[in-house]
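Spelled out, the chains give:
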Amino acid sequence: LRFPQKLWKMLESGKFQSIWWSESGKCVAINKDLFEVEVLGREGQQVFHTQKIKSFMRQLNAYGFSKMQRDFQRSASLPEFLAEEAAASAHSQILYYYNPSFNRAHPWLLETCKRR
């Protein structure tokens, strides 16, 4: 299987806690630290031909994925702002990648997901 098909199969399997579809199904969400241990650190059963997160991210970029920034609305009150900052730091290890040809609702677009 090519990289996009492997990624799709991984997302649909539900076997991994470190990678999932975003709520909209248009982005891939990756918990960076957990992904390195759970997926890239697997002995003998490697899903991708790398053990390094940077190499995995290069593959995403090579297939047209773009890193997305998570937008957080900030509150004006200090207690709410501090609570939101704590939540944002928990999300700092989560990476979001988008590709218009990689959409959970439109699996047929996967065939158009080509290496650059």
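Residues numbered from 1 in each chain as written. Predicted model: local features only at pLDDT ≥ 70, side-chain atom pairs only at ≥ 80, totals over all residues. Heavy atoms only, no water.

- As recorded in an unreviewed UniProt entry, the chain goes by HSFY1 protein and comes from Platysteira castanea.
- Check the Sequence similarities (unreviewed entry) section of the UniProt entry for the chain; it says "Belongs to the HSF family." (UniProt positions renumbered as here; feature names shortened; annotations may be inferred.)

## Comments concerning the packing of aromatic side chains
Thought 1: This model, assessed by the stated rule, comprises nine aromatic pairs.
Thought 2: Taken together, a centroid distance of 4.6 Å and an interplanar angle of 45° make the contact between F35 and F56 tilted. Residue F35 is found in helix α2 (residues 32–40), and its partner F56 is found in helix α3 (residues 53–62); the two are separated by 21 residues along the sequence.
Thought 3: Taking the centre distance of 5.1 Å and the plane angle of 65° together, the rings of F65 and F102 count as edge-to-face. Of the two residues, F65 is situated in the loop between α3 and β3 (66–68) and F102 in the segment after β4 (94–98); the sequence distance between them amounts to 37 residues. An identical accessibility class is assigned to F65 and F102; each is buried.
Thought 4: Chaining the aromatic ring pairs together yields one cluster made of F3, F35, F48, F56 and Y63. (Phe/Tyr/Trp six-rings, centres within 6.5 Å; stacked < 30°, edge-to-face > 60°. Helix = DSSP H or I, 4+ residues; strand = E, 2+ residues; numbered from the N terminus. Buried < 20%, exposed > 50% of the residue type's maximum accessible area, 1.4 Å probe, protein only.)

## Focus on the environment of F48
Thought 1: In this structure, F48 sits in the loop between α2 and α3.
Thought 2: C-alpha separation for the pair F48 and K6, spaced 42 residues apart in sequence, amounts to 7.9 Å.
Thought 3: Ignoring any residue separated from it by four or fewer positions in sequence, one finds F48 in contact with F3, K6, L7, M10, F35, V39 and F56. (Contact = heavy atoms within 4.5 Å.)

## Some words on the environment of S24
Thought 1: Tracing the backbone through its elements, the reader meets S24 in the loop between β1 (19–21) and β2 (27–31).
Thought 2: Residues S24 and N103, spaced 79 residues apart in sequence, show a C-alpha to C-alpha distance of 8.9 Å.
Thought 3: A polar contact is formed between the side chain of S24 and the backbone nitrogen of K26, at a distance of 3.3 Å. (Polar contact = N/O pair within 3.5 Å; in protein donor to acceptor, adjacent residues only side chain to side chain.)

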